[in-house]
Amino acid sequence: MCPSTKIDDAGRQTMVNINNAYRSTLIKGDQLDKNKAKNPTGKNMYKLAWDCDLENGAQAWADACNWGHSTSQQRNGTGENLYATTFPWTNSSAMSKAAADSWWSEATTYWTMRSNNILKWANDSSAGHFTQMAWATTYKVGCGMASCPNLISGWPQATYVVCRYSGPGNYEGSAVYEPGTPCTCATTLPSTCEPSSGLCVINGLGQVTTTKAATTTKKAVTTKETTKKPVTTKHTTKKPVTTKKVGK
């Protein structure tokens with residue numbers, strides 16, 4: 001798919017497939033929240049495609065073995081999810097699944113259903129990985145993986161997964177997705193409904209792209225500079241998902 005050989009095609013496809021499967025479950029109204037209530041059905045949610053430029057940036061950050069988010073400028077304003085585990089990286093597909101499943105698990109542990117789907121960071125910060133994966137106007141993803149010594153204190157060796165998303169999500173006061181009828185695709189980028197998933201496939205966008213990540217007109221730097229920001233830099237608590245995994 002892409003020139004890099006750090007993550008193989010099976011790992012790339014697994015990450016795209018799992019992201020889109022989860023997005024489909026959400027848009028169809030079948031995703032439960034932390035109180036076991038179903039989230040509302042939705043519309044205008046893009047189907048994700050893999051992007052090689054996003055992968056390149058994510059891979060560079062993973063290779064740096066820095067446990068923390070890159071700056072908005074370093075990632076050209078894209079969204080970013082991080083994951084680490086002590087399990088060795090022997091299979092890119094399995095690692096993609098572990099990371100995506102860990103991030104999406106926040107839907108049932110931290111997220112509370114609401115009819116308007118508006119993100120309120122004071123209440124929703126612990127669900128930030130889920131909301132980035134679920135953000136309706138996100139349409140591209142690219143990830144990198146690396147084996148890192150001493151990434152996290154007490155871990156002699158870790159596998160580090162970094163995924164970047166374009167356009168970015170987690171804007172305070174904005175809807176994660178629009179409530180409505182699945183397969184309604186009145187999107188900003190012209191798209192066509194995929195009936196099986198209820199997602200909107202951007203016209204002419206293949207499963208793999210090499211175009212530069214889209215920028216956003218909403219500044220994403222610090223709270224003082226804007227209140228409409230993709231909230232990633234705050235989501236830095238090293239919280240155990242299991243005894244051997246850490247999500248960020």
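These numbers come from a predicted model, not from an experiment.

Let's shift gears to the state of the cysteines. Chemically, a disulfide is nothing more than a covalent bond linking the sulfur atoms of two cysteines. By the definition in use, this model includes 5 disulfides. C65 shares a disulfide with C148; S-S distance 2.1 Å. Disulfide C65-C148: torsion about the S-S bond near -80°, hence left-handed. Here C65 is found in the loop between α2 (52-63) and β3 (79-85), whereas its partner C148 is found in strand β4 (residues 140-149), with 83 residues between them in sequence. The class for C65 is partly exposed, based on a relative accessible area of 25%. One disulfide bridge connects C183 with C193, the sulfur atoms lying 1.4 Å from each other. Taken together, the residues span a long stretch of sequence, with C183 in the loop between β6 (178-179) and β7 (191-194) and C193 in strand β7 at a distance of 10 residues. Take C183: its relative accessible area is 27%, and that puts it in the partly exposed class. Given the relative accessible area of 24%, C193 is considered partly exposed.

With that settled, consider the confidence of the model for the chain. Of the residues in the chain, 83% have a pLDDT of 70 or more, and the chain-wide mean is 85. Counting contacts from residues 211-248, a segment whose pLDDT is below 50, to residues more than four positions away or on other chains yields 103 contacts.

All right, on to the pattern of salt bridges then. The tally for this structure, following the rule as stated, stands at 10 salt bridges. The shortest N-O distance in the salt bridge between D9 and R12 comes to 2.6 Å. Highlighted residues: D9 and R12, both in helix α1 (residues 9-27), separated by 3 residues, approximately one helical turn. The class for D9 is partly exposed, based on a relative accessible area of 38%. Among the residues examined, R12 registers a relative accessible area of 2% and is labelled buried.

Rules behind the numbers
Residues numbered from 1 in each chain as written. Predicted model: local features only at pLDDT ≥ 70, side-chain atom pairs only at ≥ 80, totals over all residues. Heavy atoms only, no water. Disulfide = S-S within 2.5 Å. Helix = DSSP H or I, 4+ residues; strand = E, 2+ residues; numbered from the N terminus. Buried < 20%, exposed > 50% of the residue type's maximum accessible area, 1.4 Å probe, protein only. pLDDT = per-residue confidence, 0-100. Contact = heavy atoms within 4.5 Å. Salt bridge = Lys/Arg side-chain N within 4 Å of Asp/Glu carboxyl O.

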